[in-house]
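Structural description and commentary
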Amino acid sequence: MSLVDRDRDVLWHPYTQMLTTPAPLAITHAEGVWLYTEDGRRILDGISSWWVNIHGHAHPKLNAALAAQADELEHVIFAGCTHRPAVELAERLIEILPKGLARVFYSDNGSTAVEVAIKLAVQYWRNLGEPDRRTFITLHNAYHGDTVGAMSASEESIFTRAFSNFLFPVERAGGLEDIERCLQTHSVAAVLIEPMLQGAGGMIVWPGEFVAGVRRLCDRYGTLMIADEVLTGFGRTGKMFACEHAAITPDIICLSKALTAGYLPLGVTATTASVYDAFLSDDRAKTFFHGHSYTANPLACAVALASLDLFRDEQVLERVARLERQLRDGFEPLRALGDVRAIGGVAAVELVSDKPGYLDGIGPRLAAAFLERGLLLRPLGNVVYFMPPYCITESETIWALEQIAAVLR
Ligand SMILES: Cc1ncc(COP(=O)(O)O)c(C=O)c1O
């Protein structure tokens, strides 16, 4: 029996209507930007395997770092123990993160990185004697993950509808004026945004001035700013972190996805000394009681360190800048079909549609057409985006852009 047949009998895939969705691709191995299937096809990974892969699949240096770490220490409990990869990674992150972020809390994926940020903000105010500060301001079209807190912070959508009775209320804003109005009328724990680029909400690009404006408002009204850089961190918007476009430091930043270059799940929630200090007390109730079995997994930390070495040694951000120029040129002619947006290593076209949104049936039809040409894309409804690993070559990019244009034509 093929893998696909065996899969059909026992598996349940994420974001997948198992009754109607076509059979999955059975991937046997991968290298660089290419995925190889059981039935002998070669397919370009045009979505960086759900936005995580940046240096390419099966990278020799990342593979070596992983293998070496496995020989040394695969995992150990992180409450009461520590280890070199966790310490070194925290040191290296603090060096490169926006200035002022000084403490690293590990978890194990993007949703938990956000969940930790939300819980930190709530308990921060409680520890300071302001437990009524519990409103979160988030943005329309936000997506912060699939756990209950992260879902609450996300835009109401088909993803969250079934759970709406179980989510906590948040104030949703469309811009700086809305945010300021909420800050004037509510006791706000934090403003949570995806800086520069809202991903799952439709690849919406924001100006740096908006991010700077959020920081200014949080300062003026004395509340916390949380930057969810789960998607944007590690170069995706052309800077190492999207907050750099606005030259600001959030009080809390969430990282995951490309943190380990697409190898292993790892989440980071980093914060300032002043947030951290609010948890220091003789009173044990002020402790941050949160953790996961795989917190600070050494294998994941070791690969993350090797990925940072690649950024340092191979001018990866220049590679992203080149990719951005190519994506902008390649998507420009698609303006005839809808709104075109690009930033760093991602470009998108929002096709004019009668039924815009995630459920626009054109998405799966387009995905099938791209796949037929050897390109793996997963349009968000009527938003077609291309987000390849940064290591994609110029000629591979040209080829992919040709396939996108041909299918959309
Ligand atoms: C901005 C943002 N935050 C959080 C998440 C959740 O990350 P994970 O899928 O690792 O739970 C995502 C995932 O797409 C994301 O794009």
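Up top is the structure these notes are about.
Residues numbered from 1 in each chain as written. Predicted model: local features only at pLDDT ≥ 70, side-chain atom pairs only at ≥ 80, totals over all residues. Heavy atoms only, no water.

**Some thoughts on the overall build of the chain**
Of regular secondary structure, the chain possesses 13 helices and 16 strands. Relative to its length of 409 residues, the chain is compact, with a C-alpha radius of gyration of 21 Å against a globular reference of 22 Å. In terms of overall dimensions, the chain has a C-alpha envelope of 60 × 55 × 45 Å along the principal axes. Every one of the 409 residues in the chain was classed for burial, and the buried ones make up 52%. (Helix = DSSP H or I, 4+ residues; strand = E, 2+ residues; numbered from the N terminus. Rg over C-alpha atoms; globule rule 2.2 N^0.38 Å. Buried < 20%, exposed > 50% of the residue type's maximum accessible area, 1.4 Å probe, protein only.)

**Notes on the packing of aromatic side chains**
Tallying each qualifying case throughout the model produces twelve aromatic pairs. For the pair F78 and Y106, a centre-to-centre distance of 6.1 Å together with 80° between the ring planes defines the contact as edge-to-face. Here the residue F78 occupies a position in the loop between α3 (60–72) and α4 (84–96), and Y106 occupies one in strand β4 (residues 101–107), the gap between them amounting to 28 residues. According to the relative accessible area criterion, F78 is partly exposed, its value standing at 27%. Between F234 and F241, the ring centres sit 5.3 Å apart and the planes meet at 70°, which makes this aromatic pair edge-to-face. Overall, F234 belongs to the buried group, its relative accessible area being 1%. In textbook terms, an aromatic cluster arises when at least three aromatic residues are bridged by ring pairs, as seen for Y15, W50, Y143 and F159. When the ring centre of W34 is taken as reference, the NZ or CZ atom of R42 above it lies at 3.5 Å. The ring of Y276 carries the charged tip of R103 above its face, separated from the ring centre by 3.9 Å. (Phe/Tyr/Trp six-rings, centres within 6.5 Å; stacked < 30°, edge-to-face > 60°. Lys NZ or Arg CZ within 6 Å of the ring centre and 35° of its normal.)

**Some remarks on the pairing of strand β12 (residues 267–272)**
In terms of residue burial, β12 counts as a mostly covered element, since six of its six residues are buried. Here β4 runs beside β12; their pairing, made up of six bridges, is antiparallel. Its bridge partner lying in β12, S107 is registered against G267. (Pairing = 2+ DSSP bridges.)

**What about the pattern of salt bridges?**
Per the counting criterion, the structure on display carries 20 salt bridges. The salt bridge partner of E88 is R84, with a shortest N-O separation of 3.4 Å. Residue E88 and its partner R84 are located together in helix α4, separated by four residues, close to a single helical turn. R84 gets classed as partly exposed once you look at its relative accessible area, which sits at 42%. Each of R92, D309, R312 and D313 takes part in salt bridges that share partners, so that together they form one network. (Salt bridge = Lys/Arg side-chain N within 4 Å of Asp/Glu carboxyl O.)

**Thoughts on the site of the ligand**
Lining the immediate environment of the ligand, one finds W51, N109, G110, S111, Y143, H144, G145, E194, D228, V230, L231 and K257. Within the side chain of D228, one N or O atom sits 2.7 Å away from a nitrogen atom of the ligand. Within the side chain of K257, a nitrogen or oxygen atom sits 3.0 Å from an oxygen atom of the ligand. Alone, the ligand offers 390 Å² of accessible surface; in the complex the protein occludes 84% of this. Taken together, the residues that form the shell around the ligand break down as four nonpolar, five polar and three charged. (Near = heavy atom within 4 Å. Polar contact = N/O pair within 3.5 Å; in protein donor to acceptor, adjacent residues only side chain to side chain. Areas by Shrake-Rupley, 256 points an atom, 1.4 Å probe, with all protein chains shown as cover. Nonpolar A, V, L, I, M, F, W, Y, C, P; charged D, E, K, R; others polar.)

**Brief notes about the nonpolar core**
Judged by nonpolar contacts, the single largest core of 97 residues is most densely connected at I179, M203, F234 and F386. The element that contributes the greatest number of residues to this core is helix α10 (residues 298–313), accounting for nine residues. Once you skip the residues sitting within four places of it in the chain, I179 turns out to touch I137, L139, A173, V191, F210, V214 and L217. A113, A190, I252 and F288 belong to the second-largest nonpolar core, a separate cluster that totals 25 residues. (Core = buried A, V, L, I, M, F, W, Y, C linked by side-chain atoms within 4.5 Å. Contact = heavy atoms within 4.5 Å.)

**Brief notes about the sheet that holds strand β11 (residues 252–255)**
In space, the seven strands of this open sheet follow the order β4-β12-β11-β10-β7-β5-β6, with mixed pairing throughout. Two strands bound the open sheet, and with one partner strand each, they are β4 and β6 (171–173). Each adjacent strand pair in this sheet contributes to an overall mean axis angle of 20°, direction not counted. With four bridges connecting them, β11 and β12 associate as antiparallel partners. Each residue of the ladder has a partner; that of I253, found in β12, is A270. Each of β4 and β12 touches α4; the most contacted strand, β4, lies at about 140° to it. (Axes fitted to C-alpha atoms, helices over the stretch in contact; angles between N-to-C directions.)

In short, geometric facts, not functional conclusions.
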